[in-house]
Amino acid sequence: MLISGTLSKMSVTYNFAGKVALITGSSSGIGAATAILFAKSGANVVITGRNAGRVSEVAKQCREVSPKGLKALEVVADVTRDEDLQRLVDTTIKTFGKIDILVNNAGAVAGGAGLSDNNYINGFRQTLKTNLDSSVMLSHLCVNHLEKTKGNIINISSVRSFQTAPNYSAYCMSKSALDMFTKCMAAELGPKGIRVNNVNPGAVKTNLPQAAGLSDEIAQTFYDMYGQLYPVGRYGLAQDIAHAIVFLATDESSFMTGTTLLADGGHLAANVAFNPANLKK
Ligand code: NDP
């Protein structure tokens, strides 16, 4: 899902001039909104995803909002391929000379499958590769660069790291493991001057359900149901999460590391237990 007009109106109170932000999954949804907000705040941004057309479209939007018209770096890459991740880092360093902020945001939900289903293991492996392995591998490839800049890693997890969802165990496990990776790395990398934090969103209207095979109509039903159940009375928008992510990269959050920052409209506080497995495709 590309970004509508509301995003370019996001108010800016951040200054990332001279900083380099690499955001995975920035061809759509939360990653695109985050890249646009960093660009609007003066950063050089790296836009990446598998879909070349969407990567270019978001890069164009970043340049349009950049105060100095900075050109975003476009890298078409699949985060499940180690060689693509190496190329992503190498191209970023070649282009900008450094990395200040790594946002591990690329993610997917494999279609619902229970443990006894034939396709469970394939979905499990693909989900863990996309949501967890890629974040670990990319952090590994970036850590020496981040030590030089005293940088930040921000991992995008989910309320599902705290809450089960029948037939979506692979997704829940991938996000729980990501939370623990964040905490371990915060402890390990703090002495190197690197902060590591998570943002854990609730339901946010993006292309995630459609990427998992749901129709537009079912996806909207899904969001509307959450909107009604959430204490804030609405579902989330990509820019809600972008602001939480960008805040974690500011100096103002310099006392925060190892955090799992909920941006969930009150999902967990209200024990919202809507089950996505009940949705028909
Ligand atoms: P979108 O489907 O809109 O965006 C997902 C992004 O991940 C796209 O840019 C996609 O790029 C990229 N991506 C997926 N698989 C790969 C891959 N193998 N290689 C490279 N890029 C990949 O969804 P969201 O914006 O909602 O998702 C962003 C993150 O937020 C995910 O980690 C998700 O789990 C998390 N999240 C989302 C919630 C929501 O309700 N939307 C709730 C909680 C967490 P491309 O298609 O170009 O490859």
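As the structure is a prediction and not an experimental result, all values here were calculated from the model.

Novice: Describe in detail the packing of aromatic side chains, supporting the description with residues and values.
Specialist: If you walk through the whole model with that rule in mind, you get seven aromatic pairs. Aromatic side chains Phe222 and Tyr226 sit 5.1 Å apart centroid to centroid with 85° between the ring planes, which places their arrangement in the edge-to-face category. One end of the pair, Phe222, and the other, Tyr226, are both in helix 8 (residues 216-229), four residues apart, so they sit about a helical turn from each other. Judged by centre distance (5.4 Å) and plane angle (45°), the rings of Tyr226 and Tyr230 are tilted. Note on accessibility: Tyr226 and Tyr230 belong to one class, buried. Aromatic ring contacts, followed pair by pair, group Phe222, Tyr223, Tyr226, Tyr230 and Tyr235 into a single cluster.

Novice: Run through the site of the ligand, naming residues and quoting values.
Specialist: Close to the ligand lie 30 residues; Ser27, Ser28, Arg50, Tyr171 and Thr206 are nearest. Here Ile30 contributes a backbone N or O atom positioned 2.8 Å from an oxygen atom of the ligand. Considered on its own, the ligand offers 880 Å² of accessible surface; in the complex 95% of this is hidden by protein. Listing elements by their share of the shell around the ligand, those giving two or more residues are helix 2 (29-40) and helix 6 (169-189).

Novice: Just give me the short version of the sheet that holds strand 1 (residues 20-23), but keep the residues and values in it.
Specialist: Strand order across the open sheet formed by seven strands is 3-2-1-4-5-6-9, with parallel pairing between neighbours. Single-partner strands in this sheet number two, and they are strand 3 (73-76) and strand 9 (260-263). Strand-to-strand twist of the sheet, defined as the mean angle between neighbouring strand axes without regard to direction, takes the value 20°. Where strand 4 (residues 101-104) meets strand 5 (residues 152-156), four bridges bridge the pair, whose relative direction is parallel. Bridge pairing in strand 5 links Val103 to Ile154. Sheet strands in contact with helix 2 are strand 1, strand 2 (44-49), strand 4 and strand 6 (195-201), and its direction is about 170° off that of strand 1.

Novice: Now, about the pairing of strand 2: what can you tell me, with residues and values included?
Specialist: Summarising burial for strand 2: six of the six residues are buried, a large majority. By the alternation rule, side chains of strand 2 split into Asn44, Val46 and Thr48 and Val45, Ile47 and Gly49, which are all buried. Of the strand pairs in this sheet, strand 1 and strand 2 are connected by four bridges, and their pairing is parallel. Among the inter-strand pairings, Val20 is bridged to a residue of strand 2, identified as Asn44. As judged from the four bridges shared by strand 2 and strand 3, these two strands associate in the parallel manner. In the sheet register, Ile47 faces strand 3, and the bridge partner there is Glu74. Between the parallel pair strand 2 and strand 3, the chain is carried across by helix 3 (residues 52-65), and the sense of this crossover is right-handed.

Rules and cut-offs
- Each chain has its residues counted from 1, running along the sequence as written.
- pLDDT decides what is reported in this predicted model: residues at 70 or higher carry local features, side-chain atom pairs at 80 or more are listed and counted, and totals for whole chains, interfaces and linings draw on all residues regardless.
- Only hydrogens and water are set aside; all other atoms, that is, all heavy atoms of the structure, feed into the side-chain values.
- Aromatic pairs are defined between Phe, Tyr and Trp rings, using the six-membered ring for Trp, whenever the two ring centres lie within 6.5 Å; interplanar angles under 30 degrees are classed as stacked, those over 60 as edge-to-face, and all others as tilted.
- Where helices and strands are cited, they refer to DSSP runs of H or I of at least four residues and of E of at least two residues respectively, numbered from the N terminus.
- Accessible area is worked out with a 1.4 Å probe on protein chains only. A residue is then buried under 20% of its type maximum, exposed over 50%, and partly exposed in between.
- A molecule or strand has a residue near it when one of that residue's heavy atoms lies within 4 Å.
- Polar contact is defined as a pair of N or O atoms within 3.5 Å, subject to the rule that within protein one atom must be able to donate a hydrogen and the other to accept it, and that residues adjacent in sequence are counted only when both atoms are side-chain atoms.
- Residue exposure ignores everything except the shown protein chains as possible cover, and the areas themselves are Shrake-Rupley values with a 1.4 Å probe.
- Pairing between two strands is assigned when DSSP locates at least 2 bridges connecting them.
- Each axis is a line fitted through C-alpha atoms, and for a helix only the stretch in contact is used; angles between axes span 0 to 180 degrees, taken between their N-to-C directions.
- Contacts were defined at the residue level, with two residues in contact if any of their heavy atoms lie within 4.5 Å.
- A crossover counts as right-handed when, viewed with the strands pointing away from the observer, the path leading from the first strand over the helix to the second turns clockwise.

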